[in-house]
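# Architecture and fold: a report
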Amino acid sequence: MNEFYKKNIISVRNLDKQKLELIFDATDKIIDMSQDKRREIARGKTLGYLFFEPSTRTRLSFESAIALLGGTSLGIADATSSSIHKGETLGDTVKVISSYCDVLVLRHSLDGSSRFAAEISNKPVINAGSGTEEHPTQTIQDLYTIKKEKKKIDGLKIGIAGDLKYGRTVYSLLYGLRNYDVDLHLISPESLRIRSDSTYDIKKELSYTESSNIDEYIEDLDVLYVTRIQKERFPDEEEYAKVKGSYVIGSDMVKKMKDDAIILHPLPRIDEISADVDNTKQAKYFEQAEYGKYTRAALLGLILNENGF
Ligand code: NCD
């Protein structure tokens, strides 16, 4: 039996190197497979989704992934148009939707929401973003992109820049990177440094520098991972106003980067990477978004098939 069969995907903390590599290998397999073969993988299966926060890529890549595998999808993309708006609880909603599907994808503004849903659901739950906490399938996609574009993860000099305090993709990525031997630099305004309560227990496995000056590292990085300032998660508008636009990656800065460095971003981007960077050879964020469809297809294929595919 493959170890992802009927398993929840709640946190990258549960994904060791061997499990991550299994998903990467499955992703390569999906990419190389004929469309006819892919359609057998989830034929007759349904993906359910519940998105309590806005989403473009995550929801649509899950929908396109299950379609690629011959399955179907149903769900709620906008909580205001569902019974949640009438006051139905998350627990009741999860219970009902899980009876209509084979795997359930959830995004919610509360930390712990996916873990809670997994306790209630009788189908496997995939966390597609839980508050400021985690976004595991984004990390699978991020690490896969690094592996594809740089041919390795071990040995790389990686900078993560932006809103490290509220960005959930950052935490999942850190938990993922602890499985690899990387030279890690965290770059953010002072007030947006990572939450030490969410990382204290991985400090033994992962060392990093913290700085607010990207210029210190830009020339040496192999990977620059940029994140959006998470406006909606700031408890105080003024706190946001202080850091808004505090760093922007422009083509001038990219010129200082190594020729074969890559720039990633989970997207959506607001103003932290200027549009003129898009045409540089380092810009890989749109490729990264595309890989998300295949990594999610691989994960779904493993969760839905006892013997893999
Ligand atoms: C991210 C998220 O929802 O955390 N978006 C995504 O899924 N690619 C990043 C973000 O919103 O900034």
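The chain has the name Aspartate carbamoyltransferase in an unreviewed UniProt entry, where Marine Group I thaumarchaeote is given as its organism. Quoted verbatim from the Catalytic activity (unreviewed entry) field of the UniProt record, the comment on the chain reads "carbamoyl phosphate + L-aspartate = N-carbamoyl-L-aspartate + phosphate + H(+)". Recorded in UniProt for the chain, the comment headed Subunit (unreviewed entry) runs: "Heterooligomer of catalytic and regulatory chains."

### Structural notes on unusual backbone geometry
For the bond running from Leu267 to Pro268, omega is 10°, close enough to zero to count as cis. Tracing the sequence through the fold places Pro268 in the loop between strand 9 (262-264) and helix 10 (285-304). Checked against the element boundaries, Leu267 lands in the loop between strand 9 and helix 10. Judged by relative accessible area, Leu267 falls into the buried class, the value being 14%.

### Some thoughts on helix 5 (residues 113-120)
Buried residues of helix 5: Ser113, Ser114, Ala117 and Ala118, and no others. Angular distribution of buried residues about the axis of helix 5 spans 135°; they occupy a single face of the element. The secondary structure elements touched by the buried residues of helix 5 are helix 4 (90-98), strand 3 (103-108) and strand 4 (125-130).

Definitions and limits used
- Residues numbered from 1 in each chain as written.
- Predicted model: local features only at pLDDT ≥ 70, side-chain atom pairs only at ≥ 80, totals over all residues.
- Heavy atoms only, no water.
- UniProt positions renumbered as here; feature names shortened; annotations may be inferred.
- Helix = DSSP H or I, 4+ residues; strand = E, 2+ residues; numbered from the N terminus.
- Buried < 20%, exposed > 50% of the residue type's maximum accessible area, 1.4 Å probe, protein only.
- Arc of directions from axis to C-beta.
- Contact = heavy atoms within 4.5 Å.

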